[in-house]
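A closer look at the structure
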Amino acid sequence: DVKVTQSSRYLVKRTGEKVFLECVQDMDHENMFWYRQDPGLGLRLIYFSYDVKMKEKGDIPEGYSVSREKKERFSLILESASTNQTSMYLCASNGEAAGTGELFFGEGSRLTVL
Amino acid sequence: AQKVTQAQTEISVVEKEDVTLDCVYETRDTTYYLFWYKQPPSGELVFLIRRNSFDEQNEISGRYSWNFQKSTSSFNFTITASQVVDSAVYFCALIIGGANSKLTFGKGITLSVRP
């Protein structure tokens, strides 16, 4: 079974802190994604990557950056956390060309910024 | 631009009732894929189905069935004889064919099944 593992289920950070959210998948998938989920807004794409060292902006990239140094790992970085970044963050991967296949999700990381 | 609308936000039913979750999509592309995902209280989204735009055949999987109608741009999901374990948030999603496409999700429907 594909497994997507997010490093932390729950984090509490202070405004201005730098935050790293790590995601690792074990199925050699080319495509990886970061979403945030907020009540009433559904899932919104932050960044995605179709290959190592490659990244593309999603719909809401402001305030975030990403890193994909290895195929299995996709990190989301909040350079200076703000309270409006309090949210559930979901990482996903898939192995199909153009990303049209089934997404496999991690369990999510719930971030609270105080 | 593509869009997915799930007009229902919350649905509550009693166990054994049938329930239909609506999904309406918008896209100008002729090649696209539609999905349904389930998010139980544990938080991890689980894939339920993928349908491509050239396959309008309805699908049934146990108590779950999907009705895809291009004429109305809808991809509705019906749970027959609902159970408490069906309680979850359900998302409909759309991606167009082609390189580097992005999956667009609807806002989700929270389904509560009461015993």
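Residues numbered from 1 in each chain as written. Chains lettered and ligands numbered in written order. Predicted model: local features only at pLDDT ≥ 70, side-chain atom pairs only at ≥ 80, totals over all residues. Heavy atoms only, no water.

Another point: the overall build of chain A. Broken down by element type, chain A carries 0 helices and 12 strands. The N-to-C order of helical and strand elements in chain A reads β-β-β-β-β-β-β-β-β-β-β-β. The globule rule puts the C-alpha radius of gyration for 114 residues at 13 Å, and the 13 Å found for chain A is close to it. Each of the three principal axes of chain A carries a C-alpha extent, and together these read 40 × 25 × 25 Å. Classification of the 114 residues of chain A by burial places 50% in the buried group. Pairs at least 24 residues apart make up 55% of the contacts formed inside chain A by residues separated by at least 6 positions. With the model as given, the accessible surface of chain A reaches about 5300 Å², and the carbon-plus-sulfur share is 49%. Charge-centre separation for chain A: the mean point of 15 positive side chains lies 7 Å from the mean point of 17 negative side chains. (Helix = DSSP H or I, 4+ residues; strand = E, 2+ residues; numbered from the N terminus. Rg over C-alpha atoms; globule rule 2.2 N^0.38 Å. Buried < 20%, exposed > 50% of the residue type's maximum accessible area, 1.4 Å probe, protein only. Contact = heavy atoms within 4.5 Å. Areas by Shrake-Rupley, 256 points an atom, 1.4 Å probe, with all protein chains shown as cover. Lys, Arg positive; Asp, Glu negative; His and termini not counted. Charge placed at Lys NZ, Arg CZ, Asp CG, Glu CD.)

Residues and elements named next belong to chain B. Where burial is concerned, the two faces of strand 2 (residues 10–14) differ: the one with Ile 11 and Val 13 is buried and the one with Glu 10, Ser 12 and Val 14 is not. Where strand 2 lies against strand 12 (residues 109–114), 5 bridges are found, and the strand directions are parallel. Paired with Ser 12 across the bridge in strand 12 is Ser 112. (Pairing = 2+ DSSP bridges.)

It is worth spelling out the interface of chain A and chain B at this point. Taken together, the contacts link 26 residues of chain A with 23 residues of chain B. Counting the surface lost from both chain A and chain B, the interface buries some 1800 Å², and carbon and sulfur atoms represent 54% of this. Summed over the three residues of chain A that lose the most area to chain B, namely Leu 43, Thr 100 and Phe 105 of chain A, the buried surface amounts to 28% of that side. Linking chain A with chain B are 0 salt bridges. Counting only elements with at least two residues in the side of chain A that touches chain B, the list comes to strand 5 (31–38), strand 6 (42–49) and strand 7 (56–57) of chain A. Among the elements that line the side of chain A that touches chain B, the one with the most residues is strand 6 of chain A, at 4 residues. (Buried area = accessible area lost by both parts, 1.4 Å probe. Salt bridge = Lys/Arg side-chain N within 4 Å of Asp/Glu carboxyl O.)

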